[in-house]
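Observations on the model geometry
This is what each chain is made of:
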Amino acid sequence: MPHPRIVILTGAGLSAESGVPTFRGVDGLWEGYRVEEVASPEAFKHRPELVHRFYNLRRAALKTVMPNAAHESLVRLEREWPGSFLHITQNVDDLNERAGARKLLHMHGQLAKVRCVWCRVVLDWREDLFVETPCPECGKTGKLRPDIVWFGEMPYHIDEITRALETVDIFICIGTSGVVYPAAGFARLAAENGAQRLIEINPESTEISSHFTEHRQGPASVEVPRLVDELLAEVGS
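The sections below set out a description of the structure shown in this document. (Residues numbered from 1 in each chain as written. Predicted model: local features only at pLDDT ≥ 70, side-chain atom pairs only at ≥ 80, totals over all residues. Heavy atoms only, no water.)

A look at the overall build of the chain
Of the regular secondary structure elements, the chain holds 8 helices and 11 strands. Based on the C-alpha atoms only, the size of the chain along its principal axes is roughly 60 × 40 × 30 Å. Here the chain, with 237 residues, has 50% of them falling under the buried criterion. When contacts within the chain are restricted to residue pairs at least 6 apart in sequence, long-range pairs at least 24 apart make up 65% of them. Surface accessibility of the chain: about 11600 Å² in total, with carbon and sulfur atoms responsible for 52%. For the chain, the centre of its 26 positive side-chain charges and the centre of its 33 negative side-chain charges are spaced 5 Å apart. (Helix = DSSP H or I, 4+ residues; strand = E, 2+ residues; numbered from the N terminus. Buried < 20%, exposed > 50% of the residue type's maximum accessible area, 1.4 Å probe, protein only. Contact = heavy atoms within 4.5 Å. Areas by Shrake-Rupley, 256 points an atom, 1.4 Å probe, with all protein chains shown as cover. Lys, Arg positive; Asp, Glu negative; His and termini not counted. Charge placed at Lys NZ, Arg CZ, Asp CG, Glu CD.)

Next comes the structure, spelled out in structure tokens:
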């Protein structure tokens, strides 16, 4: 009998204990702007300098944080699970990769990449980016943008994610608020397609908690390693 197929969805709660800054104040604003005002195609068109400053700060912050036990445990599960495995993340940081993740899809893009709206090239990028920075591929200036899915844009890899959710046996959701679609609908889709187990790990209940059959409340750095130990023990017994 084939081993269960696992699909994992992770959100901000996975990286929170690593200290990844949100760049939002207690009023939900960054320097007086709503995040939607610096994370949209319209903002990039009309205020590109502001957009670049926001993402330069976020990109630089990646150098100050490290993967935590939850990231490392998911990589262990990826390496040791004998069946199909896919990790989908809403996070734009690179902590999963730095922990060693390989079977990973970034549905909202990555801070450590930029793309050119002129020639469509996607490039690894760790330094600051400015309006006058030329594209290394086509030489155009003002065309490089963060490779981030902004408000109003379609998330990446949706077709591949949908196919995985159509055959998943164990769906695990870690550290996501359950308010951002389409990711908030993944648990329902997995259930409709016959997933045997739907597991939510979060410090508290969310708007989609009712879609899950198992709930583990607590910090990801504690609950994820515990779950991984249990899953690997089950297939090893």
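Read on for the rest.
Brief notes about the packing of helix H4 (residues 69-80) against helix H8 (residues 220-236)
Two elements in contact, H4 and H8, have axes separated by 8 Å at closest approach and are oriented at 15°. Regarding the angle of H4 to H8, the classification is roughly parallel. Where H4 crosses over H8, the handedness of that crossing is left-handed. Each of Ala69, Ala70, Ser73, Leu74, Arg76, Leu77 and Glu80 in H4 lies in contact with H8, whose residues at this interface are Ala220, Ser221, Val224, Pro225, Val228, Asp229, Leu231 and Leu232. For the contact of H4 with H8, the per-class residue count stands at 10 nonpolar, 2 polar and 3 charged. (Axes fitted to C-alpha atoms, helices over the stretch in contact; angles between N-to-C directions. Parallel < 35°, antiparallel > 145°, perpendicular 65-115°, else oblique. Left-handed = near helix turned anticlockwise from the far one by under 90°. Nonpolar A, V, L, I, M, F, W, Y, C, P; charged D, E, K, R; others polar.)

Some thoughts on helix H3 (residues 48-61)
Its 14 residues give H3 an end-to-end C-alpha distance of 20 Å, which sits within 8% of 20 Å, the value for a rise of 1.5 Å per residue. Buried within H3 we find Pro48, Leu50, Val51, His52, Phe54, Tyr55, Asn56, Arg59 and Ala61. Buried positions along H3 lie against strand S2 (29-30), strand S3 (33-34), helix H2 (41-46), strand S6 (109-116) and strand S8 (144-148). (Expected span 1.5 Å × (residues − 1).)

Concerning unusual backbone geometry
With an omega of 15°, the peptide bond running from tyrosine 181 to proline 182 counts as cis. By secondary structure assignment, the location of proline 182 is in the loop between strand S9 (170-174) and helix H7 (186-192). Positioned with a positive phi, glutamate 31 is a non-glycine residue whose angle comes to about 50°. You will see that histidine 157, though not glycine, has its phi angle at about 65°, which is positive. Checked against the element boundaries, histidine 157 lands in the loop between S8 and helix H6 (158-165).

Examining the nonpolar core
Core analysis: the biggest nonpolar cluster contains 21 residues, and Leu9, Leu165, Phe171 and Phe186 have the highest contact counts within it. For this core, the elements supplying multiple residues, two or more each, are strand S1 (6-10), strand S4 (85-89), H6, S9 and H7. In this structure, leucine 9 is in contact with Ile88, Gln90, Met107, Phe171, Ile172, Cys173, Ile174, Thr176, Ala183 and Phe186, ignoring residues within four places of it in sequence. Grouped together as the second largest cluster of nonpolar side chains are 19 residues, Leu74, Leu77, Leu227 and Leu232 included. (Core = buried A, V, L, I, M, F, W, Y, C linked by side-chain atoms within 4.5 Å.)

A look at the packing of aromatic side chains
For the structure on display, the rule yields 6 aromatic pairs. Ring plane angle 65° and centroid distance 5.0 Å describe the contact between tryptophan 30 and phenylalanine 54, whose orientation is recorded as edge-to-face. With tryptophan 30 in strand S2 and phenylalanine 54 in helix H3, this residue pair connects regions lying 24 residues apart in the sequence. Neither residue differs from the other here; tryptophan 30 and phenylalanine 54 are each classed as buried. (Phe/Tyr/Trp six-rings, centres within 6.5 Å; stacked < 30°, edge-to-face > 60°.)

With respect to the pattern of salt bridges
A full pass over the atoms with the stated rule returns 17 salt bridges. A salt bridge links aspartate 169 to arginine 5; the nearest nitrogen and oxygen atoms lie 3.1 Å apart. Within this pair, whereas aspartate 169 is found in the loop between H6 and S9, its partner arginine 5 is found in the segment before S1, the two being separated by 164 residues in sequence. The salt bridge partner of aspartate 94 is arginine 126, with a shortest N-O separation of 2.5 Å. In this pair, aspartate 94 is assigned in the loop between S4 and helix H5 (95-99) and arginine 126 in the loop between strand S7 (122-124) and S8, connecting sequence segments 32 residues apart. Within the structure, one salt-bridge network assembled from shared partners comprises Arg197, Glu214, Arg216, Glu230 and Glu234. (Salt bridge = Lys/Arg side-chain N within 4 Å of Asp/Glu carboxyl O.)

Details of the environment of lysine 45
Structurally, lysine 45 is set in helix H2. In sequence terms lysine 45 and glycine 142 are 97 residues apart; their C-alpha atoms lie 9.8 Å from each other.

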